[in-house]
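Residue-level structural notes
Here is how the chains run, residue by residue.
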Amino acid sequence: MRSPKDFFRPLAVGAPEPLRQIPFRPSRMIHFFDPGNEKMAAKVPGMVGKADVLLGNLEDAIQADRKELTRNGLVRIAREVDFGDTQLWTRVNSLDSPWVLDDLITLVTEIGDKLDVIMVPKVEGAEDIHYVDRLLAQLEARAGLTRPLLVHAILETASGVANVEEIALASPRMQGISLGPADLAASRRMKTTRVGGGHPGYLVRTDPVGTDLTLGRTTYQQDLWHYTVARMVDACVAAGILPYYGPFGDIRDVVACEDQFRNAYLLGCVGAWSLHPAQISIAKKVFSPDPSEVAWARRVIEEMGDGTGAVMLDGKMQDDATVKQCQVIVALADDLAARDPELAAAYKEASA
């Protein structure tokens, strides 16, 4: 067992010191793009400022014979594009693939100063993070980087869910965890072929009325991912890192996408993946507190004074617990407003 004092020492000679606290930067949407697709790559400069995070995808959806081309495309984009306040992430290939070692060596040594976060797929336990942690330290030292790269794990196997608390605490590099519903469904042998979202067969039914078991019984579709998201959120919050919902595969169904994103937001997630530009605006809307909600939260905080005791506002009791809830909303709104002038103006008008 390592001494706790050793946890914040670099894992390689010459590597930067690990962070003691993960910085919160707006990341309402992690927008995926294919760096090897010329049409998609050409749109990246125009996406800067519109998405909180732009992620160059090297893993799933990239054919085996395009892996090297795509990796080189990300290097070129990182060197040529000024990302400003927009974060640049990448998703490398899985740790059991023949491409991941070249992914990490190339990206860290050539554009490590441009990357913010490295997303690692199919993380099954703390040992996967330990491997990446040590390797990144060695590569950072080789590249002369002055800040450590952060790591984001994807929860997409049954083993990963079973070990999610250990994964969240595995390294000071851990920035957050995302739900990967498609691979997780396959790992669990779930009987769905959907990428995220609910399923019409997963439901509850109202009790029968009288002796006819078919008459007037309403059904309600349930959320397949409620348990996993809630457990992931708890693990992340306990470790001081950030939880995210992953992809919603039906690009056309913007209504269900918004519903799924909002479920994740209400449970504590700070953002979600966007696979199409249409989902960027959905994520921005859902993961930004509503101006009226922010105005109410500010009012509660003001009326509660030092945060102790209880007051009645519009017929509702507010106490120290509700103040803490309101402080979460206001802190998020302030962080987002600092980056988004339009949102800042909306919050100011609502609170006037």
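In this report, the structure presented in the accompanying data block is examined. (Residues numbered from 1 in each chain as written. Predicted model: local features only at pLDDT ≥ 70, side-chain atom pairs only at ≥ 80, totals over all residues. Heavy atoms only, no water.)

**Considerations on the overall build of the chain**
Summing up its helical and strand segments, the chain has 13 helices and 12 strands in all. A globule of 352 residues ought to have a C-alpha radius of gyration of about 20 Å, and the chain, at 22 Å, matches this closely. Dimensions of the chain, computed from C-alpha atoms along their principal axes, come out at roughly 70 × 55 × 50 Å. Expressed as a percentage of the 352 residues in the chain, the buried residues total 48%. Here the contacts in the chain between residues at least 6 apart in sequence split such that 72% fall between residues at least 24 apart. Taken as two groups, the 38 positive and 48 negative side-chain charges of the chain have centres that lie 3 Å from each other. (Helix = DSSP H or I, 4+ residues; strand = E, 2+ residues; numbered from the N terminus. Rg over C-alpha atoms; globule rule 2.2 N^0.38 Å. Buried < 20%, exposed > 50% of the residue type's maximum accessible area, 1.4 Å probe, protein only. Contact = heavy atoms within 4.5 Å. Lys, Arg positive; Asp, Glu negative; His and termini not counted. Charge placed at Lys NZ, Arg CZ, Asp CG, Glu CD.)

**Describing the pattern of salt bridges**
Going through the model one piece at a time under the given rule, you end up with 21 salt bridges. For Asp60, the salt bridge identified is with Lys122, shortest N-O distance 3.6 Å. Of the two residues, Asp60 is situated in the loop between β2 (53-57) and α2 (67-80) and Lys122 in the loop between β4 (117-120) and α4 (126-143); the sequence distance between them amounts to 62 residues. The class of Asp60 is partly exposed, set by a relative accessible area of 34%. Through salt bridges with shared partners, a single network forms among Arg28, Asp52, Lys284, Arg339 and Asp340. (Salt bridge = Lys/Arg side-chain N within 4 Å of Asp/Glu carboxyl O.)

**Here we look at the sheet that holds β4**
The sheet built from eight strands closes into a barrel, its strands ordered β1-β2-β3-β4-β5-β6-β9-β10 with parallel pairing. Sheet twist, expressed as the average angle between the axes of neighbouring strands with direction ignored, equals 25 degrees. Of the pairings in the sheet, the one linking strand β3 (residues 87-91) to β4 comprises three bridges and is parallel in character. Looking at the pairing, Arg91 lines up with Met119 of β4. (Pairing = 2+ DSSP bridges. Axes fitted to C-alpha atoms, helices over the stretch in contact; angles between N-to-C directions.)

**Some remarks on the environment of Glu140**
Relative to the helices and strands, Glu140 is located in helix α4. For the pair formed by Glu140 and Asp128, sequence separation is 12 residues and the distance between their alpha carbons is 18 Å. Ignoring sequence-local partners within four residues, the contact set of Glu140 consists of Ala15, Pro16, Val108, Leu145, Arg147, Pro148, Leu149 and Arg173.

**Concerning a negative patch on the surface**
A contiguous patch of negative charge, built from Asp96, Glu124, Glu127 and Glu166, is present on the exposed surface. Along the chain, Glu124 falls in the loop between β4 and α4. Residue classification places Glu124 among the partly exposed residues on the basis of a relative accessible area of 35%. (Patch = residues over 30% accessible without salt bridge, like charges linked within 9 Å, V, L, I, M, F, W, Y side chains within 5 Å. Areas by Shrake-Rupley, 256 points an atom, 1.4 Å probe, with all protein chains shown as cover.)

**Thoughts on α2**
Between its terminal C-alpha atoms α2 stretches 20 Å, which fits the 20 Å expected from 14 residues at 1.5 Å a residue. Three or more residues of α2 are buried, namely Lys67, Thr70, Arg71, Gly73, Leu74, Val75, Ile77 and Ala78. If you follow the buried residues of α2, they end up packed against β1 (29-33), α1 (38-47), β2, β3 and α3 (100-111). (Expected span 1.5 Å × (residues − 1).)

**Re the packing of α2 against α3**
Viewed as axis vectors pointing N to C, α2 and α3 meet at an angle of 15 degrees, and their least axial separation amounts to 10 Å. Here α3 runs roughly parallel to α2, going by the angle between their axes. Every pair of crossing elements has a handedness; the one defined by α2 and α3 is right-handed. Packed against α2, whose contacting residues are Arg71, Leu74, Val75, Ala78 and Arg79, the element α3 presents Asp102, Asp103, Thr106, Leu107, Glu110 and Ile111 at the interface. Of the residues belonging to the contact of α2 with α3, the class tally is five nonpolar, one polar and five charged. (Parallel < 35°, antiparallel > 145°, perpendicular 65-115°, else oblique. Left-handed = near helix turned anticlockwise from the far one by under 90°. Nonpolar A, V, L, I, M, F, W, Y, C, P; charged D, E, K, R; others polar.)

**Some thoughts on the environment of Pro172**
Position of Pro172 relative to the elements: it lies in the loop between α6 (164-168) and β6 (174-179). Here Pro172 falls in the buried class, since its relative accessible area comes to 13%. Apart from residues no more than four positions distant in its own chain, Pro172 is found in contact with Phe7, Phe8, Pro18, Leu19, Ile22 and Asp133.

**Some remarks on the nonpolar core**
In terms of nonpolar packing, the biggest core is built from 95 residues, with Ile30, Ile177 and Phe261 touching the most fellow members. Counting residues per element, this core draws most heavily on helix α12 (residues 320-337), which supplies seven residues. With near-sequence residues (within four places) excluded, Ile30 lies in contact with Val53, Leu55, Trp89, Met119, Ser178, Tyr244, Ala272, Trp273 and Ser274. (Core = buried A, V, L, I, M, F, W, Y, C linked by side-chain atoms within 4.5 Å.)

**Notes on the side chain of Glu59**
When you line up the elements, Glu59 lands in the loop between β2 and α2. Judged by relative accessible area, Glu59 falls into the buried class, the value being 4%. At a separation of 3.3 Å, a polar atom in the side chain of Glu59 contacts the side chain of Arg91. Contacts of Glu59, omitting those with residues within four sequence positions, involve Lys67, Arg91, Val92, Asn93, Ser94, Pro121 and Lys122. (Polar contact = N/O pair within 3.5 Å; in protein donor to acceptor, adjacent residues only side chain to side chain.)

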